[in-house]
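Remarks on the overall topology
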Amino acid sequence: MDFETVRQDDILKITVLAERIDAACAVQFKDCIREICGNEPKRVVLDLQKVDFLDSSGLGAVVAAMKFLGKDRQLELAGLSDKVSRVFRLTRMDSVFTIHPTADAAMSASAA
Amino acid sequence: MLGHAANGAVTSGTDHMLSETVDSTAEDVRNALIRINDELKRLGVAPSDRDAIEVVLAECMNNVVEHAYCERPGSRFDLKLHLSADNLFCRVEDDGKPMPGLALPSGKSHNLSVDLSDLPEGGFGWFLIRELTCDLRYARERDRNNLMFQIPLSHDEG
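My aim in this report is to walk through the structure given alongside it, one point at a time. (Residues numbered from 1 in each chain as written. Chains lettered and ligands numbered in written order. Predicted model: local features only at pLDDT ≥ 70, side-chain atom pairs only at ≥ 80, totals over all residues. Heavy atoms only, no water.)

What to know about the overall build of chain A
- Check the secondary structure of chain A and you find four helices and seven strands.
- Written out in order from the N terminus, the α and β elements of chain A read β-β-β-α-β-β-α-β-α-β-α.
- Computed over the C-alpha atoms, the radius of gyration of chain A is 13 Å, within 12% of the 13 Å expected from 2.2 N^0.38 for a compact globule of 112 residues.
- Taken over the C-alpha atoms alone, chain A extends approximately 30 × 25 × 25 Å along its principal axes.
- For chain A, with 112 residues in total, the buried portion stands at 54%.
- Long-range pairs, those at least 24 residues apart, make up 71% of the contacts in chain A between residues at least 6 apart in sequence.
- If you sum the accessible surface of chain A, you get close to 5,000 Å²; carbon and sulfur atoms cover 43% of it. (Helix = DSSP H or I, 4+ residues; strand = E, 2+ residues; numbered from the N terminus. Rg over C-alpha atoms; globule rule 2.2 N^0.38 Å. Buried < 20%, exposed > 50% of the residue type's maximum accessible area, 1.4 Å probe, protein only. Contact = heavy atoms within 4.5 Å. Areas by Shrake-Rupley, 256 points an atom, 1.4 Å probe, with all protein chains shown as cover.)

Below, the structure is given as C-alpha cells:
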C-alpha cells in the first residue's frame, strides 16, 4: 500500500495514495500506519483525499490506528469525499475523530 | 427489447438485471464492486445512490467471504441485482455456513462514549446494511444462504 508522508514541526501528514481502504487491505493499512508513525510525532494528519471508498473493515482500521497512537497523541482526518464521510456519519464515528475539510486546513489548525 | 452488456447485464424495458459470480476473496469482492459501480454509472444511477449501493454490497459480500466461507478462497457466490426506476432489488446466494441461529445479526449501533482503548474496530457492517436497505430478509434453503433486500433510490445527484 502506498503512502506519502510530510513532516512539519510536530505534525506528520500521511497521504493515503490507495483509492480504497477495504477488507482486501485493512490489515496491511493498519500495519503500515503503525510503522510510519512509530513513537512520534504528537499529531498525525491522515489525508484521505485520494480515497474513493472505505468499508467497515477500512473504518475499523482507521479506528485501530487512532487507538495505536494512544491518548497522548492525536490522529486527525482530512479530505474525506462525500462517499467516505457518509460511512463515518452513519456509524457516528464522525463524533470520535477531529475531521478537517482539507489537509492544508489541518496543518494550519492548532492542535485540537 | 433485450440488450446485453458486460458481466451478465440484461436490459428489459426500463429495468436492468445484473449478475456477478464472485470468488470467496476480498480481492474479488473489490473487483465485483468496481464492475457493478461502473455498470450502474453507465445506466445513469445517481452518485449518492451508487455510493449507498457500493457500501451495502461491500458489507454483504465481505460477510459472505469472512463468515460463510471463513476467509477460505476457492468457493464462489452469486449476486443478482434488479434495477427498477425507484429501487435496487438485491439477492446474495452462497453455499457457506448458515447464519448463527439462522437469523440476521441485529446490527445495533455502538456506544461511542467510551475510553479510546474500548472503541469498536468492527461490527459496523450489519448496522450499515440495516441503515441503507429495506425489506431485509434471510433464508436458508437447500444448504444455501439467501440474503434479500432493497435499496430505495433517492436520485440525488449530490
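Description of the overall build of chain B
- In terms of regular secondary structure, chain B is built from three helices and seven strands.
- Starting at the N terminus and ending at the C terminus, chain B contains elements arranged as β-β-β-α-α-β-β-α-β-β.
- Relative to its length of 158 residues, chain B is compact, with a C-alpha radius of gyration of 16 Å against a globular reference of 15 Å.
- The buried share of chain B, reckoned over its 158 residues, is 49%.
- Considering only contacts in chain B between residues 6 or more positions apart, those separated by 24 or more positions represent 61%.

Section: the layout of surface pockets
- Of the volumes computed, that of the largest pocket is approximately 820 Å³.
- Taken together, 47 residues form the lining of the largest pocket, with Asn 62, Asn 63, Val 64, Glu 66 and His 67 of chain B sitting closest to its centre.
- If you list the elements that add at least two residues to the lining of the largest pocket, you get α1 (26–37) and α2 (56–69) of chain A together with α1 (26–42), α2 (47–68), β5 (87–94), α3 (125–132) and β7 (144–152) of chain B.
- Looking at the lining of the largest pocket, the element that brings in the most residues is α2 of chain B, giving nine residues.
- Of the residues belonging to the lining of the largest pocket, the class tally is 21 nonpolar, 16 polar and ten charged.
- In this structure, the second largest pocket encloses a volume near 240 Å³.
- Along the walls of the second largest pocket sit 16 residues, with Gly 70, Lys 71, Arg 73, Gln 74 and Leu 75 of chain A positioned nearest its centre.
- A per-class count over the lining of the second largest pocket returns seven nonpolar, three polar and six charged. (1 Å grid on protein atoms, 1.4 Å probe; cavity = no way out; pocket = protein on both sides within 12 Å on 5 of 7 lines; lining within 4 Å. Points joined across faces, edges and corners; volume = space filled by probe spheres on them. Nonpolar A, V, L, I, M, F, W, Y, C, P; charged D, E, K, R; others polar.)

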